[in-house]
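The primary structure of each chain is shown beneath.
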Amino acid sequence: MTASTTAAARYAGARVQRVEDPRLLTGHGTFVDDIVRPGMLHASFVRSPFAHARIVSIDPSAALALDGVYAVFVAADLNPGVHEQWYTMQGPKVPDTPRPPLADGEVRFVGDPVALVVAETLYLAEDAAELVDVEYEPLPAIADYVNAQETEALVHEAYANNVAGRMPGPNAEAVEAAFAAAPHVVSETIYQQAYAAVPMETRGLVVEWSRGSGELTIWAATQAPHEMRMFCSRLLAVPEHRVRVVMRDTGGGFGQKVVPQREEMCVMLAAQKVPAALKWIEDRRENLMAAGQARHEHGAVGMAFDDDGMILATKIDHVQDVGAYPTPWPVGTAAATGMLFPGPYRIPHATFTATCLFSNTAGRTAYRGPWAFESVAREVMLDIAARRLDMDPVDLRRRNFLGRDDLPYTNPTGMPYTDMSPRETFEDALALLDYDAFRREQAEARAAGRYLGVGTGSYVEPTTSRMGYFSTEGATMRIEPSGKVNVYVAGGSTGNSLETAAVQLTADALGVDIDDVNTIQGDTALTPFGAGTGGSRSGSMIAGAVAQTAAALRERIVAIAAHRLEAAADDIEIAHGCSMVRGTPSTGMSFAEIASLAYFQPDALPPRVPSRLEASGRYTTQATSIWSSATHVCTCEVDIGTGVVTLLRYIVSEDCGPMINPNIVEGQIDGGTVQGIGGALYEHLAYDADGNPVTTTFMDYLMPTMAEVPVIEHGHVETPGPGPGGYKGVGEGGAIGAPPAVVNAVADALAPLGVTITRLPLMPSAILALIDEAG
């Protein structure tokens, strides 16, 4: 590539206003429930009221007697229509767990879909669902996964001891030897509660089957339109080119919408059996009851230290609740928890075990850093160890941190770390706080009877995976006759500003003004194939696809301009949508003039230069992962009379490489951080002893609001990654670092009382109980 085919960045790195904002902030977004099709029918599910029961009979006659009810589908109607059911991210050979569209023979959690009612209106469908008479024979239920291996009850008969899968880690003998020789060993079991993604927009889709053409069109709330297209093609045995998925605006995903779940399968299957488009929109109670749970797990953690506080070895026996029907196969992310458990520290030896257990609860789904328990367990354990070793938690970490100059480094479970700054973000966050000053303030507060605390949470995150279809991303660019630019990418934006990122990157790559760029995303009939939003991959991968595509299109523009201006190609410069001769900026052609030649005067083009001002490119990442790192620092005050935690300051210092748009980066950090704060203090997807969900409304399922969250302060440490532009992922990190930072702050505040925190969430009642237990 010559100098004339590259452009200086004008927009990347700038706080450009989001191009999505005008429509979204004025109420002009288009979400799935805004889609209306001629004669459209509506779907509602009949769901199980039992955690585990045998289905004795289903009588739909009363529902079918209502005027306007079109059909009531049961498992015998829909389940046989499944041809293939697997997810592209894992492939067909993964030993996947059961996932029937409708419950067949048994229900296995409260909310399990038993039948699908189709009617002319949503209200009629919901009323008719109440009339479907299902006779159940209750069976023993496993409400708590912790006891799943010791009970005779089985969630699935084919899985002995309710084990969905296991995976051992490496180096077990070396780790045991290190523990045996260590002068200090600290062990605890850390428990995290179930909570959920709770996107602002619940799940939903509209499916329209055209019998004449054999084509299927799906309007979906999804993070990955092309994955939904491929999945539907396999599910229904419909050729992929006859399936179109359209994703407009999607109000949050966080992993819950990355692949189709059972309800989406049901609507796809039923759409071929009804005479018009079929819409299903999940209500909030359904979302909390059946859309999936996450984070429910525990780990028996051990850490071995020498007399100077250097970590000699770590181990974690990690057990996670996967519910009744996990989506997708859960063992891979469970193993990732163990592999990432060493985190940002220099640790000679480490091992793990991972065990996934079924329970009679909602199935486990991906949620913003699905392996995030590794940071909760490790960072909480480090604070516990520091107190038992009579060290400051910050000092203990400093002795063990990896820094930028220590990389590349392969952690003891085999993860290859490169191009990040764990120690540097740690020190930056502490400097923003002024750690020593806070310790002085804390001492004065304790003398006055107040309980202030500070906690940190540090992590490393693999982003932009090279695994399977995540490793590539495509883009198409077209200069229109007006000279304006359209860029087509797969999309999958669920509030993470992919439109703005694509427009910024394209404007820089082509050398045009940002107002002259538009992006089309989310329509599989128009956009190149891409894996969608997941794994903190989108920014880096779109940057690669845009760069490759723009380079090809710029060469064509330069060739046309050089021919017309009678100049050498190397002397052509592009800026502000114009091709100019270097040194004589008054001599040039605008993109509109070049487009006019290409489209309306093709004979005037140079030989062998096509008249098509359009290019497509595909980027493939060469890095196994692109690593980000960050440290969260939280300060709080605990009222020991009420158990209420008040957050005082919250600081995040991250290294996501150069920032495409600092507003987007900070927005992603803030959103994830608030979700992590919720997981530490408020959110709990709770069940009673019989497996009944008890938090199915926002009256019961608590989330943080602006009143509980302080202004989040940001620090940025920049270590470019190995990908295009040096960009790294940042979408999941906030949710990973926040829970341990908050827990450690509370534990630090209560340290004078002898409290040890090993269980989340830290609601006021839990804190008061801890204080009582400590005497």
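Quick caveat: nothing in here was measured; it's all calculated off a predicted structure.

**Student:** Could you give an account of the confidence of the model for the chain, with specific residues and numbers?
**Tutor:** When pLDDT is averaged along the chain, the result is 96; 99% of the residues meet or exceed 70. Taken together, the stretch residues 1–6 has pLDDT below 50 and engages in 11 contacts with residues farther than four places along the chain or on a different chain.

**Student:** Give me the lowdown on the packing of aromatic side chains, citing residues and values where you can.
**Tutor:** Two numbers describe a pair of aromatic rings. These are the distance of the centres and the angle of the planes. All told, the structure shown has 13 aromatic pairs when counted by the stated rule. Arranged with centres 4.9 Å apart and planes meeting at 65 degrees, the rings of Y417 and W627 form a pair that is edge-to-face. Here Y417, found in strand 17 (residues 416–417), pairs with W627, found in strand 26 (residues 626–638); they are 210 residues apart in sequence, far enough to count as distant. On the basis of an interplanar angle of 45 degrees and a centroid distance of 6.0 Å, the ring pair of Y469 and F529 is categorised as tilted.

**Student:** Break down helix 13 (residues 435–447) for me, citing the residues and quoting the values.
**Tutor:** Here helix 13 spans 19 Å end to end across 13 residues, near enough to the 18 Å set by a 1.5 Å rise per residue. Along helix 13, the positions that sit buried rather than exposed are Y435, F438, R439, Q442 and A445. The buried residues of helix 13 occupy an angular sector of 120 degrees when projected down its axis, which confines them to one face. Opposite the buried face of helix 13, by more than 90 degrees, sit the exposed residues D436, R440, E444 and A447. Those residues of helix 13 that are buried are in contact with helix 11 (393–400), helix 12 (422–433), strand 18 (451–463), strand 26 and helix 18 (733–750). Where helix 13 terminates, the next one or two residues include G449, which has phi positive at roughly 85 degrees.

**Student:** Requested: an account of the pattern of salt bridges, with residues and values cited.
**Tutor:** Enumeration according to the criterion identifies 41 salt bridges in this entry. Linking D392 and R439 is a salt bridge whose minimum nitrogen-to-oxygen distance equals 3.5 Å. You can see D392 sitting in the loop between helix 10 (373–388) and helix 11 and its partner R439 sitting in helix 13, a full 47 residues away along the chain. Between D516 and K484 there is a salt bridge, and its shortest N-O distance comes to 2.7 Å. Of this pair, D516 sits in the loop between helix 14 (498–510) and strand 21 (517–521) while K484 sits in the loop between strand 19 (472–479) and strand 20 (485–489); the two residues are 32 residues apart in sequence, bridging distant segments of the chain. Under the relative-accessibility criterion, K484 is labelled partly exposed at 41%. Where salt bridges share partners, they join R47, R203, E263, E264, E282 and E286 into one cluster.

**Student:** Which residues make up the nonpolar core, and what are the values?
**Tutor:** Residues F305, Y650, L681 and V746 are the most contacted members of the largest nonpolar core, which totals 71 residues. Grouped together as the second largest cluster of nonpolar side chains are 48 residues, A501, V512, L613 and Y727 included.

**Student:** Quick rundown of the sheet that holds strand 21? Include the residues and the values.
**Tutor:** Within a sheet, each strand pairs with its neighbour through backbone hydrogen bonds, oriented either parallel or antiparallel. If you walk across this open sheet you meet the four strands as 21-20-19-25, and the pairing is mixed. Unpaired on one side and paired on the other, strand 21 and strand 25 (614–620) mark the two borders of the sheet. Taken over all neighbouring pairs, the strand axes of this sheet differ in orientation by 20 degrees on average, direction set aside. Judged from the five bridges that link them, strand 19 and strand 20 form a sheet pairing that is antiparallel. Bridge pairing in strand 20 places M477 opposite V487.

What counts and what doesn't
Residues numbered from 1 in each chain as written. Predicted model: local features only at pLDDT ≥ 70, side-chain atom pairs only at ≥ 80, totals over all residues. Heavy atoms only, no water. pLDDT = per-residue confidence, 0-100. Contact = heavy atoms within 4.5 Å. Phe/Tyr/Trp six-rings, centres within 6.5 Å; stacked < 30°, edge-to-face > 60°. Helix = DSSP H or I, 4+ residues; strand = E, 2+ residues; numbered from the N terminus. Expected span 1.5 Å × (residues − 1). Buried < 20%, exposed > 50% of the residue type's maximum accessible area, 1.4 Å probe, protein only. Arc of directions from axis to C-beta. Salt bridge = Lys/Arg side-chain N within 4 Å of Asp/Glu carboxyl O. Core = buried A, V, L, I, M, F, W, Y, C linked by side-chain atoms within 4.5 Å. Pairing = 2+ DSSP bridges. Axes fitted to C-alpha atoms, helices over the stretch in contact; angles between N-to-C directions.

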